[in-house]
Amino acid sequence: MSEAKAYAVQSATSPLAPFKFTRREPGENDIRIDITHCGICHTDIHQTRNEWGFSTYPMVPGHEIVGRVSAVGKKVKKFKAGDIAGVGCMVDSCRKCATCKKGLEQHCEVHTSFTYSNTEQDGVTPTHGGYSSHIVVDESFALKVAPDQPLERVAPLLCAGITMYSPLKRWKVGSGDRVGILGLGGLGHAGVKLAAAMGAEVTVLSGSKSKQADAKRLGAHDFALTSEAGPALLGRFDLIIDTVSADHDVNAALGWVKTGGTMVIVGAPPKPVPVNAFSLIGGRKNLSGSVIGGIAETQEMLDFCAKHKVLADVEVIAMKDVNAAYERMLKSDVRYRFTIDMKTL
Ligand code: NAP
Ligand code: ZN
Ligand code: ZN
């Protein structure tokens with residue numbers, strides 16, 4: 001066992017504060033990663049505050065993890081000490097069910113071991129995330145990160161990147177497709193960059209006028225303020241990806257989807273969002289959902305990003321400032337992801 005330094009919450013109402021716990025020694029298929037950076041996902045806020053109702057404590061959040069491999073088990077093939085590796089939202093799954101075999105480990109029929117607020121496959125050992133000094137993970141659930149990239153800008157790809165990449169691929173977005181990205185936060189800005197790199201015509205659909213100038217810089221072709229959306233938006237998009245983290249009007253957004261088009265919900269507001277049947281039946285529209293992506297697809301996404309130079313726009317913070325960063329995210333005040341420099345732990 002090794003002692004890990006971390007930041008954790010003890011309950012839904014306590015702030016993140018220093019914490020120590022133990023991690024296993026690397027087994028024969030495991031690697032140990034000394035974490036250099038961890039992104040802050042809005043899920044970390046939902047989960048630390050038990051907004052979804054299934055949090056477990058103490059909780060060390062963080063599932064946008066990158067770092068340097070510091071030890072490898074004797075059967076490890078993909079990594080050697082010194083390599084850069086990443087870990088996203090999962091650290092294991094049953095690996096045997098039909099869904100795992102399809103590469104959809106996030107939907108494992110038995111048990112996906114999520115990176116934190118969950119358990120290992122034994123069902124009892126708690127998983128702890130990336131707001132910590134190091135992590136030990138089976139190499140099958142670690143991702144290879146191409147060297148010579150700014151790691152603080154790679155970390156957010158491990159969740160925000162794959163969460164947007166997977167639906168863009170599933171709905172076969174390509175050259176000339178009109179894609180709307182609803183909500184310009186961590187997920188949204190990754191979606192803009194990825195969809196633009198795939199050749200789509202991208203529009204940012206945002207509630208924040210102050211983000212208009214950034215939209216173009218991030219690669220969007222157009223920007224629309226959702227509160228002022230007029231007839232020009234109606235029936236315009238082949239695909240909208242809804243990243244909004246709080247209560248919002250899904251029916252308005254469905255109106256902006258073209259006949260036969262699709263809206264994918266990836267944002268996870270704690271309260272249900274009502275959908276009017278008429279929002280769907282009129283234009284025989286599809287309403288879908290998506291959660292991260294499988295391990296192979298996550299590797300494909302990282303390779304795509306390295307090739308197309310897609311990196312997150314980040315504000316690097318010190319570990320002690322994490323509680324303040326959460327408050328800023330709740331005000332949509334982040335351009336566009338906070339990444340924790342784990343040296344500051
Ligand atoms: P974020 O950085 O906080 O961005 C969320 C954006 O939503 C904000 O920047 C804001 O964009 C918009 N927004 C926030 N509150 C709003 C409100 N009341 N009404 C309308 N728009 C609002 O969050 P994130 O990390 O991108 O995560 C977004 C959501 O996705 C969270 O619920 C998170 O849990 C979920 N998530 C899901 C998956 C998955 O696999 N499905 C993965 C990761 C995260 P504007 O300022 O542009 O309006
Ligand atoms: Zn996330
Ligand atoms: Zn499985």
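Conventions adopted
Residues numbered from 1 in each chain as written. Chains lettered and ligands numbered in written order. Predicted model: local features only at pLDDT ≥ 70, side-chain atom pairs only at ≥ 80, totals over all residues. Heavy atoms only, no water. Helix = DSSP H or I, 4+ residues; strand = E, 2+ residues; numbered from the N terminus. Contact = heavy atoms within 4.5 Å. Donors = N, O, S within 2.8 Å, 3.2 Å for Na, K, Ca; no water. Tetrahedral: all angles 85-135°; square planar, octahedral: opposite > 155°, others 65-115°. Buried < 20%, exposed > 50% of the residue type's maximum accessible area, 1.4 Å probe, protein only. Domains from an automatic or database assignment. Buried area = accessible area lost by both parts, 1.4 Å probe. Phe/Tyr/Trp six-rings, centres within 6.5 Å; stacked < 30°, edge-to-face > 60°. Lys NZ or Arg CZ within 6 Å of the ring centre and 35° of its normal. Expected span 1.5 Å × (residues − 1).

Undergrad: Account for the environment of Ile40, naming residues and giving values.
TA: Looking at where Ile40 falls in the secondary structure, it is placed in the loop between strand S3 (30–39) and helix H1 (42–48). Residues Ile40 and Asn29, eleven residues apart in the sequence, show an inter-C-alpha distance of 28 Å. Leave out the neighbours within four places in its chain, and Ile40 touches Glu64, Tyr131, Ile317, Val322, Ala325, Tyr326, Met329, Arg337, Phe338 and Ile340.

Undergrad: Describe the coordination of the zinc ion (ligand 3), listing the residues and the values that go with them.
TA: In the first shell of the zinc ion (ligand 3), the protein supplies Cys94 (SG), Cys97 (SG), Cys100 (SG) and Cys108 (SG), at 2.3 to 2.4 Å from the metal. Around the zinc ion (ligand 3) sit four donor atoms; with metal-centred angles ranging over 103 to 120 degrees, the donor geometry is tetrahedral. All donor residues of the zinc ion (ligand 3) come from one chain, and their arrangement in sequence is C-x2-C-x2-C-x7-C. No difference in accessibility class separates Cys97 from Cys100, as the two residues are buried.

Undergrad: Provide a residue-level description of the domain arrangement of the protein, including the pertinent values.
TA: The domains assigned to the protein are domain 1 (2–159 + 311–344) and domain 2 (161–289). Using C-alpha coordinates to define each centre, domain 1 is positioned 27 Å away from domain 2. Every contact between the two is made by 16 residues of domain 1 and, on the other side, 18 residues of domain 2. For the domain 1 and domain 2 pair, buried surface summed over both sides reaches about 1,300 Å², with 49% attributable to carbon and sulfur atoms. For the domain 1 face of the interface with domain 2, the top three residues by lost area are Cys159, Asp313 and Tyr336, together amounting to 42%.

Undergrad: Outline the coordination of the zinc ion (ligand 2), supporting the account with residue identities and numerical values.
TA: Protein coordination at the zinc ion (ligand 2) comes from Cys41 (SG), His63 (NE2) and Cys159 (SG), with a distance range of 2.0 to 2.3 Å. Each donor residue of the zinc ion (ligand 2) lies on the same chain, and together they follow the pattern C-x21-H-x95-C. With Cys41 in the loop between S3 and H1 and Cys159 in the loop between helix H3 (151–154) and helix H4 (160–170), this residue pair connects regions lying 118 residues apart in the sequence. Neither Cys41 nor Cys159 differs from the other in exposure class; each is buried.

Undergrad: Please give an account of the packing of aromatic side chains that cites residues and values.
TA: Under the criterion given, the structure shown has three aromatic pairs. Ring geometry for Trp52 against Phe54: centres 6.0 Å apart, planes inclined by 40 degrees, an arrangement best described as tilted. On the basis of relative accessible area, Trp52 is assigned to the partly exposed category, the value being 26%. One cation-aromatic arrangement involves Lys144 over Phe79; the distance from NZ or CZ to the ring centre is 4.9 Å.

Undergrad: Which residues make up helix H5 (residues 186–197), and what values do they have?
TA: Its twelve residues place the ends of H5 17 Å apart at the C-alpha level, agreeing with the 16 Å of an ideal helix rising 1.5 Å per residue. Across the twelve residues that make up H5, a large majority, ten, are buried. Listing the buried residues of H5 in full gives Gly186, Leu187, Gly188, His189, Ala190, Gly191, Val192, Lys193, Leu194 and Ala195. Positive backbone phi, at 95 degrees, marks Gly199, one or two positions downstream of H5.

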